[in-house]
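Summary of structural features
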Amino acid sequence: MRYSLLSLVSHALGGNRDWKPAWRDAAPQPRYDVIVIGGGGHGLATAYYLARDYGIANVAVLERGWIGGGNVGRNTTIVRSNYLLPGNIPLYELSMQLWEGLERDINYNAMVSQRGVLNLYHSDGQRDAYARRGNAMRLHGIDAELLDREGVRRLYPFLNFDQARFPIQGGLLQRRGGTVRHDAVAWGYARAASDRGVDIVQNCAVTGFLREGDRITGVETTRGTIRAKKVAMAVAGHSSEVAAMAGLRLPIESHVLQAFVSEGLKPIIPGVITFGAGHFYISQSDKGGLVFGGDIDGYNSYAQRGNLPVVEDVCEGGMALMPAIGRARLLRSWGGIMDMSMDGSPIIDRTPLDGLYLNAGWCYGGFKATPGSGAVFAHLLAREEPHPAATALTLDRFAQGRVIDEKGQGAQPNLH
Amino acid sequence: MRIPCPYCGPRDSSEFAYLGDAAPRRPADGDAAAMATYVYLRDNPAGPMEELWYHAYGCRAWLVVRRDTRDHAVTGARLAAGREASA
Ligand SMILES: Cc1cc2nc3c(=O)[nH]c(=O)nc-3n(C[C@H](O)[C@H](O)[C@H](O)COP(=O)(O)OP(=O)(O)OC[C@H]3O[C@@H](n4cnc5c(N)ncnc54)[C@H](O)[C@@H]3O)c2cc1C
Ligand SMILES: [Zn+2]
């Protein structure tokens, strides 16, 4: 059913009793053209674009828990396309453009809000680095503005400009960046894919692969054996685990990242702000909670919860940036398990096994990439060649020395 | 998370720097494929794992710490120096 003002009003008049479920909770069929493992944002978007762009709708998304229970429902909802390196920029900008048209396309309110993302700089060196990044963005046709101190002050007068150690000198602003309601992205893609015939199968964990020689021909799951011509992995923090079932080792470590929400407050922060002298980013949800986060905990983890030193570190970042935050109480915090890759950039590629495809290594920045990742992964699955926006994101780039290392940290995942 | 340093006793993990899996061993020079495997590929297990931690704000020793990645329980630590001999 199409959502519209009319449907809203007529359901409201009927007491909102007769809304239908937004998508079909399907039982698994014995075979499909494509199986997507993982019902997070990337898996659901992949299934949707397979159906929409390539007419491949005999597709199942297999999710071991419930859709939206992974990182897609755990992130701090920031979207932007302010990358530096040519291997990354086209994908994140494709994604940004898809966000801009997403709600009309899938007829679902994902609360896409282009409220601007501002990265602050606190030293001359950092200003130069941001100027370079802004120039790289503009050369790719992406909006970027370098603000001086007064420019920042006009937007956010309440920041701590004269902090003795890290005075704010200015910032790099991407006005088209912003936030998107994360759960709605999972539900919206699920509904749009389901409408086009995709089966979304929950409580269905993949436990092994069916193999004929070097070809993958399906999966074993907790709900039985399912065959498919192609199997696509989009399991985020569990990529190594699932790849190991096919005998593959990946250039990935799983790490935990925490997120925090304050009690609901009146509107104070109109956009997204990141502190450049530590790692701290903050925005305010439409419900009023301040949503913020910082560094990953820094050690391998599958625990989906972090430790207190990072809580302290994140709160210190917040206090350094905007001391007023000290008046607010922290309401809740949680963790998610991310696939930190060896160069900090994602992998969207075939694998050494025929019929098995990989979408992984999104680190802590994969939410913004959800639409683009789905679109280019669907292209790879349907066309057997990389999408023009994702030609550099190969699995063999590590062995070949073609890493895409935005931070220049080398093969040390906890530093990306 | 506390790490039982053989020199300093149980200390908060924030005193340590993390390197990662202790299993990979540097191959002989000249074998590019083995070197790429060593530098980039990891088992990344969900479960017990031996990893290298550096006691930066303590005795500055490198340790091999045994820790479960599913619940962060630390079950032991020994000096990394001389581990080739004991392994
Ligand atoms: C705290 C936090 C904050 C973040 N903030 C941001 C941000 O502000 N901006 C941004 O761009 N990114 C952010 N990220 C990163 C982003 O959330 C992830 O990169 C992205 O969501 C990963 O893709 P996904 O949505 O498909 O993952 P997920 O939602 O994790 O989907 C993977 C799914 O695979 C399933 N799965 C795993 N194993 C199996 C199996 N064997 N069988 C079947 N299913 C399986 C899981 O249950 C899971 O549902 C953040 C992440 C975290 C944890
Ligand atoms: Zn010590």
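All values reported here derive from a predicted model rather than from experimental measurement.

Across its full length, chain A carries 10 helices and 18 strands. For 416 residues, the compact-globule formula gives about 22 Å, and the C-alpha radius of gyration of chain A, at 21 Å, lands near that figure. Based on the C-alpha atoms only, the size of chain A along its principal axes is roughly 65 × 60 × 40 Å. Per-residue burial over chain A gives 58% buried out of 416 residues. Residue pairs in contact within chain A that sit at least 24 positions apart in sequence constitute 74% of those at least 6 positions apart. With an accessible surface of roughly 17,000 Å², chain A has 51% of that area assigned to carbon and sulfur atoms. Across chain A, the 43 positively charged side chains and the 40 negatively charged ones have centroids separated by 4 Å.

This brings us to the sheet that holds strand β5 (residues 145–148) of chain A. Residue and element names in this part refer to chain A. One open sheet holds the eight strands; their spatial order is β5-β6-β4-β13-β14-β15-β12-β16, and the pairing between them is mixed. Each end of this open sheet is capped by a strand with a single partner; those strands are β5 and β16 (330–341). For this sheet, the mean inter-axis angle between neighbouring strands, taken without regard to orientation, is 25 degrees. In terms of strand pairing, strand β12 (residues 252–264) meets strand β15 (residues 289–300) through six bridges, oriented antiparallel. When the sheet's bridge partners are listed, Leu-257 is paired in β15 with Ile-296. Each of β4 (117–121), β12, β13 (272–275), β14 (280–284) and β15 is contacted by helix α8 (residues 308–321), which is oriented at about 135 degrees to β15, the strand it contacts most.

Now for the packing of helix α3 (residues 89–106) of chain A against helix α9 (residues 370–383) of chain A. All names here are of chain A. It is the contact of α3 with α9, at a shortest axis distance of 7 Å, that shows an interaxial angle of 110 degrees. Of the possible angle classes, the one that applies to α3 and α9 is roughly perpendicular. Each of Leu-91, Leu-94, Ser-95, Leu-98 and Trp-99 in α3 lies in contact with α9, whose residues at this interface are Thr-370, Pro-371, Gly-372, Ser-373, Ala-375 and Val-376.

All right, on to the site of ligand 1 then. Residue and element names in this part refer to chain A. Lining the immediate surroundings of ligand 1 are 36 residues, of which Glu-63, Asn-71, Val-72, Thr-76 and Lys-368 lie closest. Backbone polar atom of Cys-363 to an oxygen atom of ligand 1: 3.4 Å apart, as the coordinates give it. Within the backbone of Tyr-364, one N or O atom sits 3.0 Å away from a nitrogen atom of ligand 1. Its free accessible area being 1,000 Å², ligand 1 has 96% of it covered by the protein chains. With three residues, β12 is the single largest residue contributor to the shell around ligand 1.

Before going further, it helps to examine the coordination of the zinc ion (ligand 2). Residue and element names in this part refer to chain B. The protein atoms donating to the zinc ion (ligand 2) are Cys-5 (SG), Cys-8 (SG), His-55 (ND1) and Cys-59 (SG), with metal-donor distances spanning 2.1 to 2.4 Å. Considering all four donor atoms around the zinc ion (ligand 2), the spread of angles at the metal, 106 to 116 degrees, places the coordination shape in the tetrahedral class. Along the chain, the residues that donate to the zinc ion (ligand 2) are spaced as C-x2-C-x46-H-x3-C.

What follows concerns unusual backbone geometry. Residues and elements named next belong to chain A. Here the phi dihedral of Asn-203 falls at roughly 50 degrees; this positive angle occurs in a residue that is not glycine. With respect to the element layout, Asn-203 can be found in the loop between β8 (199–201) and β9 (206–212). Positioned with a positive phi, Glu-384 is a non-glycine residue whose angle comes to about 65 degrees. Counting through the fold element by element, Glu-384 comes out in the loop between α9 and α10 (397–400).

In this section: the environment of Ala-303 of chain A. Locating Ala-303 of chain A in the fold gives a position in the loop between β15 and α8. Owing to a relative accessible area of 13%, Ala-303 of chain A belongs among the buried residues under this scheme. Between the C-alpha atoms of Ala-303 of chain A and His-255 of chain A, which are 48 residues apart in sequence, the distance is 8.9 Å. If sequence neighbours within four positions are ignored, Ala-303 of chain A has contacts with Ile-337 of chain A together with Thr-69, Arg-70, Asp-71 and His-72 of chain B.

This part covers the confidence of the model for chain B. Across chain B, the average pLDDT comes to 94, with 95% of residues at or above 70. Overall fold confidence for the complex sits at a pTM of 0.97, while the interface term, ipTM, reaches 0.95.

Let's shift gears to the pairing of β12 of chain A. All names here are of chain A. Counting buried positions over the 13 residues of β12 gives 11, a clear majority of the element. As defined by bridge partners, β12 adjoins β16 across 11 bridges and the pair is classed as antiparallel. Considered in β16, the bridge of Ser-254 is made with Asp-339.

To characterise two packed helices, one gives the angle between the axes of the helices and the distance between these axes. All names here are of chain A. Close contact between α3 and helix α6 (residues 182–195) brings their axes to 10 Å; oriented N to C, the two are set at 50 degrees. Classified by the angle their axes make, α3 and α6 are oblique. Here the hand of the crossing between α3 and α6 comes out left-handed. Contacts from Trp-99, Leu-102 and Ile-106 in α3 reach Val-185, Gly-188, Tyr-189, Arg-191 and Ala-192 in α6.

The rules behind each value
- Here, residues in each chain are numbered from 1, in the same order as that chain's written sequence.
- Chain letters start at A and ligand numbers start at 1, both assigned in the order the entries are written.
- Only residues with pLDDT of 70 or above have their local features reported here, since the model is predicted, and side-chain atom pairs are shown and tallied only from 80 upward, although totals for entire chains, interfaces and linings are computed over all residues.
- Only hydrogens and water are removed before side-chain values are computed, so all heavy atoms of the structure are retained for them.
- Runs of E in the DSSP output that reach at least two residues are strands. Runs of H or I that reach at least four are helices, and both are numbered from the N terminus.
- The size measure is the radius of gyration over C-alpha atoms, and the globule rule it meets is 2.2 Å times the number of residues to the 0.38 power.
- Think of it in three bands: with a 1.4 Å probe and only protein chains considered, a residue is buried below 20% of the maximum accessible area for its type, exposed above 50%, and partly exposed in between.
- Here, residues are in contact when the closest pair of their heavy atoms is within 4.5 Å.
- A 1.4 Å probe and the Shrake-Rupley method give the accessible areas. Residues count as covered only by the protein chains that appear here.
- Within this scheme the basic residues Lys and Arg register as positive and the acidic residues Asp and Glu register as negative, but His and the chain ends are omitted.
- By convention, the point assigned to a charge is CZ for Arg, NZ for Lys, CD for Glu and CG for Asp.
- A pair of strands is labelled paired if DSSP reports no fewer than 2 bridges between them.
- Lines are fitted to the C-alpha atoms to define the axes, a helix being fitted only along its stretch in contact, and any angle between axes, read from their N-to-C directions, falls within 0 to 180 degrees.
- Reported orientations rely on four angle classes, namely roughly parallel under 35 degrees, roughly antiparallel over 145, roughly perpendicular from 65 to 115, and oblique for the rest.
- Here a residue is near a molecule or strand as soon as one of its heavy atoms is found within 4 Å of it.
- Polar contacts here mean pairs of N or O atoms no more than 3.5 Å apart (in protein, one a potential hydrogen donor and the other a potential acceptor; neighbouring residues in sequence count only if both atoms are side-chain atoms).
- Any nitrogen, oxygen or sulfur atom within 2.8 Å of a metal ion counts as a donor, with the limit raised to 3.2 Å for Na, K and Ca, and since water is left out, coordination shells can look unfinished.
- All geometry calls rest on donor angles, where a four-donor set with angles between 85 and 135 degrees is tetrahedral, four- and six-donor sets with opposite donors more than 155 degrees apart and all others between 65 and 115 are square planar and octahedral, and all else is irregular.
- Residue-level confidence of the predictor is summarised by pLDDT, bounded by 0 at the bottom and 100 at the top.
- By the definition used in this description, the sense in which the near helix is turned from the far one sets the handedness, with an anticlockwise turn below a right angle giving left-handed and a clockwise turn giving right-handed.

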